Amino acid sequence: MSHPAFAGLDYLDAAVLAVDCDGFIVFANPAANSLFNLRDTDHQTLENCFGLNSPLVFAAHTALEKRISITEHELIVFGVDGEMYVTLDVTPIESPAAELLLEVRRIDQQRRIVNEERLQAQQQANRELIRNLAHEIKNPLGGIRGAAQLLAHELPEPHLKEYTDVIVDEVSRLQSLLDRLLTPHRLPQIKELNIHEVLERVRSLVLAETPNGLSVKRDYDTSMPLLIADKEQLIQSVLNIVRNAIQAMSNIGEVVLRTRIARQVTLNRRRHPLALRIDICDNGPGIPEHLKETIFYPLVSGRDGGTGIGLHLAHTYVAQHHGVIEFDSRPGQTIFSIFLPLNAWQDSGTQP
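Here is a short report on the structure shown in this document.

How each quantity is defined
- Residues numbered from 1 in each chain as written.
- Predicted model: local features only at pLDDT ≥ 70, side-chain atom pairs only at ≥ 80, totals over all residues.
- Heavy atoms only, no water.
- Helix = DSSP H or I, 4+ residues; strand = E, 2+ residues; numbered from the N terminus.
- Buried < 20%, exposed > 50% of the residue type's maximum accessible area, 1.4 Å probe, protein only.
- Contact = heavy atoms within 4.5 Å.
- Areas by Shrake-Rupley, 256 points an atom, 1.4 Å probe, with all protein chains shown as cover.
- Pairing = 2+ DSSP bridges.
- Axes fitted to C-alpha atoms, helices over the stretch in contact; angles between N-to-C directions.
- Left-handed = near helix turned anticlockwise from the far one by under 90°.
- Core = buried A, V, L, I, M, F, W, Y, C linked by side-chain atoms within 4.5 Å.
- Polar contact = N/O pair within 3.5 Å; in protein donor to acceptor, adjacent residues only side chain to side chain.

Let us look at the overall build of the chain. Counting its secondary structure elements, the chain contains 9 helices and 12 strands. Across the 352 residues that make up the chain, the buried fraction comes to 43%. In the chain, 62% of the contacts between residues at least 6 apart in sequence involve partners at least 24 apart. A total accessible area of about 18,700 Å² is found for the chain, and carbon and sulfur atoms account for 51% of it.

As a further point, take helix α8 (residues 310-320). Burial analysis of α8 places 9 of its 11 residues in the buried class, the great majority of the element. For α8, the set of buried residues is Gly310, Leu311, His312, Leu313, Ala314, His315, Thr316, Tyr317 and Val318. Directly beyond the C-terminal end of α8, a positive phi value near 65 degrees is found at histidine 322.

The element strand β1 (residues 15-19) is largely enclosed, with a buried count of 5 among its 5 residues. Burial along β1 is two-sided: Ala15, Leu17 and Val19 facing one way and Val16 and Ala18 facing the other are all buried. In the sheet, β1 pairs with strand β2 (residues 25-28) via 3 bridges, with the strands oriented antiparallel. Looking at β2, one finds that alanine 18 is bridged to phenylalanine 27. In this antiparallel pair of consecutive strands, β1 and β2, the connection spans 5 residues, and glycine 23 shows a positive phi of 85 degrees.

Next up on the list: the sheet that holds strand β10 (residues 270-282). A sheet is described by the order of its strands in space; here 5 strands give the open sequence β7-β9-β10-β12-β11, paired in mixed fashion. The outermost strands of the open sheet, each flanked by one partner alone, are β7 (214-219) and β11 (324-330). Recorded for the sheet is a direction-independent mean angle of 20 degrees between the axes of neighbouring strands. Both β11 and strand β12 (residues 333-341) contribute to a ladder of 7 bridges, which runs antiparallel. Paired with valine 324 across the strands is phenylalanine 339, a residue of β12.

Turning our attention to unusual backbone geometry. In this structure, arginine 67 takes a positive phi of about 55 degrees despite not being glycine. As for its position among the elements, arginine 67 is in the loop between α3 (55-66) and β3 (70-79). Judged by its relative accessible area of 36%, arginine 67 falls in the partly exposed class.

Moving on: the packing of helix α7 (residues 231-248) against α8. Viewed as axis vectors pointing N to C, α7 and α8 meet at an angle of 145 degrees, and their least axial separation amounts to 8 Å. The element α7 and its partner α8 pack so that their crossing is left-handed. Across the interface between the two elements, Gln233, Gln236, Ser237, Asn240, Ile241 and Asn244 from α7 touch Gly310, Leu311, Leu313, Ala314, Tyr317, Val318 and Gln320 from α8.

Right, let's talk about the nonpolar core for a bit. A general tendency of soluble globular proteins is for nonpolar side chains to be buried together. Among the nonpolar cores identified, the biggest contains 37 residues, and Leu227, Val242, Ile280 and Ile338 are the most heavily contacted of them. Counting only elements with at least two residues in this core, the list comes to α6 (195-209), β7, β8 (227-229), α7, β9 (253-267), β10, α8 and β12. If one sorts the elements of this core by residue count, α7 sits on top with 7 residues. Among all residues touching leucine 227, those that are not within four sequence positions of it are Lys191, Glu192, Leu193, Ile195, Leu234, Leu276, Leu340, Pro341 and Leu342.

This part is about the environment of methionine 84. Within the secondary structure layout, methionine 84 lies in strand β4 (residues 82-92). For methionine 84, a relative accessible area of 0% translates into the label buried.

The residue glutamine 233 is located in helix α7 in this model. By relative accessible area, which is 1% here, glutamine 233 ends up buried. One polar contact links glutamine 233 to glutamine 320, side chain to side chain, over a distance of 3.4 Å.

Have a look at this one:
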């Protein structure tokens, strides 16, 4: 909705709405129309357009009643792209046409960058801690295993060997876990590869492991350029995510492997003109809310008997490729998205 009194606001990047004393929208600039998919706001109130429970409506009513300015950070509102994070400035004005201006800015990108940096810092600290602990634990484990094996030869009754066998087996399991925790410190062995070869390998592996009740569909962009990466690390990253999905679905459900080109993306505070995007989608129960902030941390698992290593390794391998992993999860649909810049190794001066 245009209004001559607010014509100068048409060119702002921020979404701007002007509201009269009764809550009717008298002006919406093009950015607001685009962000909230507003088609016709003539004789429409904020409640009509956004709903009575919208934080925009609540802030506007408070500002009108108390004649105060309000600034809100990281509000969750619904727009043309669904749920999004915004900052909101509500300002009372002296104008014959309106009583209030609302200025809304999306902060999804800034919030994602902050979360990436926080996760990267936490992961680095976790890696150093685990690396030190693993080295400290491996030495006594070797001693325990050797002592148990020697004890087995000295036991007078054969059936007592069952107890030493348990010790040896459990020590072997712990050593295997520690080896897996230390594995990510190998640098990537990079070469040109077709990402669909990676996904096909993962698909064949999981179908062989789960022959009944599982559907793994392909949605590939076959025009994808070659990627410079470590093939085995990418296979392991995708495989770990897919296995997590299958386990969450109790081996019955649907997984979709999708590839697309992402353009002009910011990864780890660097702008890349082109990036490869891999989506791993499943129709399982979703990630529990209490795990969403720590899902990539080591030793964090949402299932009984899980080691919590799989997603941690996937995140570490993708980070070594200058990429990021994001996810969106709700009951019935979870999507893990891997972003890998196509020019990362050239930009860093590394050659395949």
